[in-house]
Amino acid sequence: MRIVLLGPPGAGKGTQASRISDTYQIPHISTGDIFRANMKNETPLGLKAKEYMNNGQLVPDSLVIDMVSDRLQQEDVKKADYGYLLDGFPRTVAQAESLDEINKNNDGGLNFVINLEVPFDILIDRISGRRICPVCQATYHISNNKPKLDGICDLDGAKLFQREDDQEETVKNRIKVYQDQTEPLIDYYKDSGILVNINGLQHMDDVFTDIKKILDGAN
Ligand code: ADP
Ligand code: AMP
Ligand code: ZN
């Protein structure tokens, strides 16, 4: 299965992506996670991406597209029958067009574009309360999705941290960037018949139930 998760920052894409990837055994590819790993390791790509990310801007298309194109050649994607779950990509029309091109060259188009709908006023709270595990990337929230022990990952005991770009000022910028550059993708996919809107305001378990219904073809 080839799936794209769409939605504004904080909509719950990463949260749902982990569940989908575990349940359906599809590689979860988060461009944000890949950039953060590159930043941490101070690779040339990470150094190029850092300033854009910390300002809440998009990394330039050329860098992102080459990175995703390489990632989609890797063994785990091939093993899943050219299957993947993209989280945070595409974010511009140019990226969506490139993805179509890459898919054409691999004889496999997208099966689902899942759009998580969450009103903008909720996003600030979700993002400013988000905490991440530096070891396994698990995502928590200080009130909606608390770890068992305050500030500690349930899975590996690591100390949780707040992303640098999750500060309130940067978040506002990211939401604006989403409206300007990413929201048009809803129109881009509208006529394709593969776009599904999901109410992302529900409890995360109910969001996942809705997604499963779609992926299992029950709807
Ligand atoms: P995205 O990947 O779209 O930026 P995340 O999955 O990281 O979003 O979720 C953003 C924050 O909101 C996290 O702290 C997460 O725990 C929390 N969250 C995710 N889904 C829900 C939900 N359905 N209801 C309440 N909080 C949620
Ligand atoms: P995310 O983890 O998806 O919230 O992404 C964090 C940041 O990484 C974004 O604010 C961008 O700066 C950068 N980024 C991630 N994915 C993309 C993309 N597809 N295109 C451009 N920039 C991206
Ligand atoms: Zn962890």
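Presented here is a report on the structure given in the accompanying data block. On a predicted model such as this, the values are computed, not experimentally measured, just so you know. Going along each chain's sequence as written, the residues are numbered from 1 onward. Labels are handed out in written order, letters beginning with A for the chains and numbers beginning with 1 for the ligands. Note on the predicted model: pLDDT of at least 70 is required for a residue's local features to be given, and 80 or more for side-chain atom pairs to be given and counted; whole-chain, interface and lining totals, by contrast, use all residues. Heavy atoms throughout the structure, all of them, feed into the side-chain values; hydrogens and water do not.

**Looking at the site of ligand 1**
Alright, step 1. What surrounds ligand 1 is a group of 19 residues, the closest being K13, T15, R130, Y140 and Q202.
Alright, step 2. What qualifies as a polar contact is a pair of N or O atoms within 3.5 Å, subject to a donor-acceptor requirement within protein and to the restriction that residues adjacent in sequence count only when both atoms come from side chains. One of the side-chain nitrogen or oxygen atoms of R126 is found 3.2 Å away from a nitrogen atom of ligand 1.
Alright, step 3. Take M204: an N or O atom from its main chain is 3.4 Å from a nitrogen atom of ligand 1.
Alright, step 4. Surface accessibility in these figures is a Shrake-Rupley result with a 1.4 Å probe; residues are shielded only by whichever protein chains are displayed. Its free accessible area being 570 Å², ligand 1 has 92% of it covered by the protein chains. One heavy atom suffices: a residue is near a molecule or strand as soon as one of its heavy atoms comes within 4 Å of it.

**Regarding the pattern of salt bridges**
Alright, step 1. Throughout this description, the term salt bridge denotes a Lys or Arg side-chain nitrogen within 4 Å of a carboxyl oxygen of Asp or Glu. With the rule as written, the count across this model stands at 13 salt bridges.
Alright, step 2. Between E101 and K104 there is a salt bridge, with the nearest N and O atoms lying 3.9 Å from each other. Of the two residues, E101 and K104 both sit in helix α6 (residues 93-105), three residues apart, roughly one turn of that helix.
Alright, step 3. Classification of E101 as partly exposed rests on a relative accessible area of 42%.
Alright, step 4. Judged by relative accessible area, which is 58%, K104 ranks as exposed.
Alright, step 5. Between D166 and R174 there is a salt bridge whose closest N-O contact spans 2.8 Å. No difference in accessibility class separates D166 from R174, as the two residues are buried.
Alright, step 6. Taken together, the shared-partner salt bridges connect R130, R163, D165, D166 and R174 into one network. Secondary structure elements follow DSSP: runs of H or I no shorter than four residues count as helices, runs of E no shorter than two count as strands, and numbering proceeds from the N terminus. A 1.4 Å probe rolled over the protein chains alone gives each residue an accessible area, and that area as a share of the maximum for its type sets the label: buried under 20%, exposed over 50%, partly exposed in between.

**Observations concerning the pairing of strand β1 (residues 2-6)**
Alright, step 1. β1 sits mainly inside the fold: five of its five residues count as buried.
Alright, step 2. A two-sided burial pattern is seen for β1, the buried positions comprising R2, V4 and L6 on one face and I3 and L5 on the other.
Alright, step 3. Two strands are said to pair when DSSP picks up at least two bridges between them. Pairing of β1 with strand β3 (residues 84-87), which is carried by four bridges, proceeds in the parallel orientation. Residue R2 lies in a different strand from β3, and its bridge partner there is Y84.
Alright, step 4. For β1 and strand β4 (residues 112-117), the ladder comprises four bridges, and the chain directions are parallel. Within the sheet, the bridge partner assigned to I3 lies in β4 and is F112.

**Brief notes about helix α7 (residues 120-128)**
Alright, step 1. Where α7 is concerned, the buried positions are L123, R126 and I127. The buried residues of α7 occupy an angular sector of 90 degrees when the element is viewed end-on, so they sit on one face.
Alright, step 2. Two residues form a contact once any of their heavy atoms are found within 4.5 Å. Looking at the packing, one finds that the buried side of α7 touches β5 (130-132), β6 (139-141) and α8 (168-182). Here, the arc refers to the directions that run from the helix axis to the C-beta atoms.

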